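# Reading the structure
The chain contents come next:
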Amino acid sequence: MTQRYVVRTFGCQMNEHDSERIAGLLEADGMMPTDSVEDADVIVLNTCCIRENADNKLYGHLGHLKSLKEQRPDLQIAVAGCLAQKDRDTIRERAPHVDVVFGTHNVHRAADLLTEAREQGPIVEILEETVLEDALAFPSVLPASRDSRHAAWVTIQIGCDNSCAFCIVPAVRGPEISRPFDTVVEEVRQLVDQGVVEVTLLGQNVNSYGRDITKRRPLFAELLREVGAIEGIRRVRYTSPHPKDLRPETISAMAEVPTVCEHLHLPLQSGSDRVLAAMHRGYTGERYLQKLAAARDAVADLAVTTDIIVGFPGETEDDFARTLEVAAEAAYDSAYTFIYSPRPGTEAADRVEDFVDPDVVAERFERLRVVIERSAVAKHAARVGRTEEVVVEGPARRDPDLTSGRTRQNKLVHFAADGLRPGAVATVEITGAGAHHLRGDLQEVVASPRHRLRIPVVAG
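Residues numbered from 1 in each chain as written. Predicted model: local features only at pLDDT ≥ 70, side-chain atom pairs only at ≥ 80, totals over all residues. Heavy atoms only, no water.

Moving on, we get to the overall build of the protein. The secondary structure content of the protein amounts to 13 helices and 19 strands. On C-alpha atoms alone, the protein measures out to a radius of gyration of 22 Å, which is about the 23 Å that the 2.2 N^0.38 rule sets for 460 residues. Along the longest, intermediate and shortest principal axes, the C-alpha atoms of the protein span 60 × 60 × 50 Å. In the protein, buried positions account for 56% of the 460 residues. Put simply, of all contacts in the protein between residues at least 6 apart along the chain, 72% involve residues at least 24 apart. The distance from the centre of the 54 positive side-chain charges to the centre of the 71 negative ones in the protein is 2 Å. (Helix = DSSP H or I, 4+ residues; strand = E, 2+ residues; numbered from the N terminus. Rg over C-alpha atoms; globule rule 2.2 N^0.38 Å. Buried < 20%, exposed > 50% of the residue type's maximum accessible area, 1.4 Å probe, protein only. Contact = heavy atoms within 4.5 Å. Lys, Arg positive; Asp, Glu negative; His and termini not counted. Charge placed at Lys NZ, Arg CZ, Asp CG, Glu CD.)

This is how it looks when you write it as structure tokens:
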């Protein structure tokens with residue numbers, strides 16, 4: 001009887017891409033996907049550890065799965081990803097009903113570890129670092145089972161060489177390793193052959209892609225140009241860049257390559273120079289704004305999003321006021337705002353005496369939300385009356401009678417349309433705007449999706 005699996009993902013796009021590869025490996029091993037945990041024979045929780053509530057979320061899920069495991073002893077439960085890399089044996093200690101624990105450096109072993117656990121009992125396998133000689137270390141070279149047929153993640157780099165005081169990613173993902181240039185380009189060509197029209201290039205710091213290949217000369221701008229020139233590709237996106245490494249040649253590539261989308265996600269984290277220095281971010285608020293201005297000057301109709309942390313240890317009211325000033329001047333289209341949470345193993349987590357009072361942090365968080373929402377509403381209102389190219393994603397989540405799609409600026413648009421499949425390209429006149437989405441009327445269907453059979457992707 002064919003086994004059924006479920007993969008649940010927590011965290012960033014890197015985790016989502018890893019989950020696609022885990023699913024691809026399980027399907028290559030003969031399993032079939034299911035949406036129901038109750039119907040699954042294998043449950044994989046692919047975890048994040050960036051924020052404190054990620055731990056609580058994982059152990060909450062594992063607690064719910066305990067009774068299911070008691071009812072069905074043959075059910076296999078696996079925990080993967082960043083939290084598995086960090087907590088290691090702790091997961092089995094706190095949840096002994098877990099069968100397999102594996103980390104960020106051995107995603108390619110997912111199916112094998114489940115087989116070994118069935119034969120030998122529970123397994124914890126955490127590798128300390130990626131083995132360079134092992135081509136399977138890169139998730140993009142593994143079989144994939146993608147939720148979207150028209151859009152795909154493409155990993156160009158794993159790990160991170162930065163030392164941000166709040167971030168545990170280098171500890172769980174390891175140092176930066178860039179994929180060979182030609183293999184990235186070849187994977188995108190293969191994806192286009194399957195009907196993919198949009199790719200997002202993934203890395204912890206995409207701006208530094210290739211420095212380990214070329215002895216410190218970044219190759220990211222060249223990669224944007226090469227991928228963007230592939231026949232059949234319609235949109236190229238990337239995430240995440242680091243402001244200190246955003247170079248003029250990358251901005252030029254964004255401006256000159258028609259397929260590279262007019263969207264820049266540029267994490268600020270704080271507007272205070274003192275806090276930025278304590279975070280080890282490598283730029284000042286003024287330098288950040290200069291780079292942002294250069295990008296906007298070069299790229300017409302550029303949408304800009306960001307990440308901001310509130311309540312970093314030692315943040316004063318003056319520090320926060322500067323964050324509000326920079327955020328207001330940056331006039332973001334939207335922002336991911338976070339309340340600082342200490343992660344054991346990071347430098348900032350040791351500064352307990354400098355932790356900011358939670359009530360103060362909550363009040364600052366609300367003030368920042370008002371500033372961000374003000375600029376988001378203004379940016380969206382300015383698009384009313386325009387006609388936008390939209391790639392269809394599917395039914396709107398809150399109103400299935402409407403269709404949702406994304407503009408080149410990554411803005412969500414809801415509009416009425418019958419029978420448009422995901423991947424279709426349409427023009428939509430924008431008729432209304434909110435803080436988080438646009439509303440519009442369908443004008444014309446420009447292109448229909450050209451999906452091929454859903455087959456695993458294996459890049460060379």
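So, about the pairing of strand β16 (residues 403-406). The side chains of a regular strand alternate between both faces of the sheet. Sheet topology note: the strand β15 (residues 387-395)/β16 ladder contains 4 bridges and is antiparallel. Each bridged residue has a counterpart across the sheet, and for Gly394 the counterpart in β16 is Ser404. Bridge count between β16 and strand β17 (residues 412-416): 4 bridges; the pairing is antiparallel. In the sheet register, Gly405 faces β17, and the bridge partner there is Val413. What sits between the antiparallel neighbours β16 and β17 is a turn of 5 residues, in which Asn410 has the positive phi angle 70°. (Pairing = 2+ DSSP bridges.)

This part takes up the packing of aromatic side chains. Under the criterion given, the structure shown has 4 aromatic pairs. Measuring from centroid to centroid gives 5.7 Å for Phe312 and Tyr340, while their planes differ by 75°, and the two rings are edge-to-face. With Phe312 in the loop between β13 (303-310) and α12 (317-330) and Tyr340 in the loop between β14 (334-339) and α13 (358-381), the pair connects residues that are 28 residues apart, well separated along the chain. Accessibility classification places Phe312 together with Tyr340 in one group, the buried group. Taking the centre distance of 6.1 Å and the plane angle of 65° together, the rings of Tyr340 and Phe355 count as edge-to-face. Taken together, the residues span a long stretch of sequence, with Tyr340 in the loop between β14 and α13 and Phe355 in the loop between β14 and α13 at a distance of 15 residues. Judged by its relative accessible area of 11%, Tyr340 is buried. Each member of the aromatic cluster is reached from another via a ring pair, and the members are Phe312, Tyr340 and Phe355. (Phe/Tyr/Trp six-rings, centres within 6.5 Å; stacked < 30°, edge-to-face > 60°.)

Of the residues making up helix α8 (residues 220-228), those classed as buried are Phe220, Ala221, Leu223, Leu224, Val227 and Gly228. Projected down its long axis, α8 shows its buried positions confined to an angular sector of 160°, all on one face. Contacts made by the buried residues of α8 are with α7 (181-193), β10 (198-202), β11 (235-239) and α9 (248-256). (Arc of directions from axis to C-beta.)

Counting through the fold element by element, Thr250 comes out in helix α9. Not counting chain neighbours up to four residues away, the residues in contact with Thr250 comprise Asn207, Phe220, Ala221, Leu224 and Tyr238.

Going from Thr239 to Ser240, the amide bond is cis rather than trans, its omega being -5°. Relative to the assigned elements, Ser240 resides in the loop between β11 and α9. Phi at Arg88 takes a positive value of approximately 50°, unusual for a residue other than glycine. Structurally, Arg88 is set in the loop between α3 (82-87) and α4 (89-94).

In a regular helix each residue adds 1.5 Å, so 16 residues correspond to 22 Å; helix α1 (residues 13-28) covers 23 Å between its end C-alpha atoms and thus fits that length. Most of α1 is tucked away, with 12 of its 16 residues classed as buried. Where α1 terminates, the next one or two residues include Gly30, which has phi positive at roughly 100°. (Expected span 1.5 Å × (residues − 1).)

Now for the pairing of strand β19 (residues 438-447). As defined by bridge partners, β17 adjoins β19 across 4 bridges and the pair is classed as parallel. Bridge pairing links His414 to Arg439 in β19. Direction of pairing for strand β18 (residues 425-433) relative to β19: antiparallel, over a ladder of 8 bridges. The residue of β19 that forms the bridge with Ile430 is Gly440.

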